[in-house]
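# Report on the structure
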Amino acid sequence: MFKGSKLYSILFLKCPQCHQGNFLEAHPYNIKHFNKVKDTCPQCQLKYSIEPSFYYGSMYVSYAVGVAFGVAIFVLTKLFNLQLSLLGLFVTIAISLILLMPYIGAISKAIWANFFFSYNTKIANQIRCNTK
Ligand SMILES: [Zn+2]
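Every value quoted in this text rests on a predicted model; they were computed, and no experiment measured them.

Each helix and strand counted, the protein chain has four helices and zero strands in total. When the helices and strands of the protein chain are read in sequence order from the N terminus, they spell out α-α-α-α. Summarising its shape, the C-alpha atoms of the protein chain cover approximately 55 × 30 × 25 Å along the three principal directions. Scored against the burial criterion, the 132 residues of the protein chain give a buried share of 36%. The contacts of the protein chain with a sequence gap of at least 6 include a subset with a gap of at least 24, amounting to 59%. Accessible surface, the protein chain: about 8500 Å² in total, of which carbon and sulfur atoms supply 67%.

Here is the structure:
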């Protein structure tokens, strides 16, 4: 499903070039390795950081993704017809964003990486043949 599209790499936190290697050291909710990006892809050896502090730029993406999640939560409260006060709505969105923070940070880094790297069918097929 979506394999070969940037959406696959972002949602499943896979290497933007081969879509097979993991992008992060551990699960986003693993506090010990909190959203730490691997140095290279374990499958295609793509270097994930093209310059020092490369992922600082993902903070801009994180802001946009956070706003998108906030709007989505607002729409969901309206869809389910929850009668929340303004304060209730604010608290609901704030708690949801705090709980989703590790995942938002992870997909923001994946989105940022996908701005600079593209899926390479040739490399992906080569890895698939080597692992079979
Ligand atoms: Zn890779």
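Here we take up the environment of Asn-30. You can see Asn-30 is positioned in the loop between α1 (6-11) and α2 (58-79). Along the backbone, Asn-30 and Pro-102 are 72 residues apart, and their C-alpha atoms lie at a distance of 8.8 Å.

Taking 1.5 Å per residue, 22 residues should reach 32 Å; α2 reaches 31 Å between its end C-alpha atoms and fits that length. Inspection of α2 places Ser-58, Val-61, Val-65, Gly-66, Gly-70, Ile-73 and Thr-77 among the buried residues, and these make up the whole buried set. Residues of α2 that are buried sit in contact with α3 (86-116). Positive phi shows up at Asn-81, right after α2, with a value of about 55°.

Cut-offs applied
- Residues numbered from 1 in each chain as written.
- Predicted model: local features only at pLDDT ≥ 70, side-chain atom pairs only at ≥ 80, totals over all residues.
- Heavy atoms only, no water.
- Helix = DSSP H or I, 4+ residues; strand = E, 2+ residues; numbered from the N terminus.
- Buried < 20%, exposed > 50% of the residue type's maximum accessible area, 1.4 Å probe, protein only.
- Contact = heavy atoms within 4.5 Å.
- Areas by Shrake-Rupley, 256 points an atom, 1.4 Å probe, with all protein chains shown as cover.
- Expected span 1.5 Å × (residues − 1).

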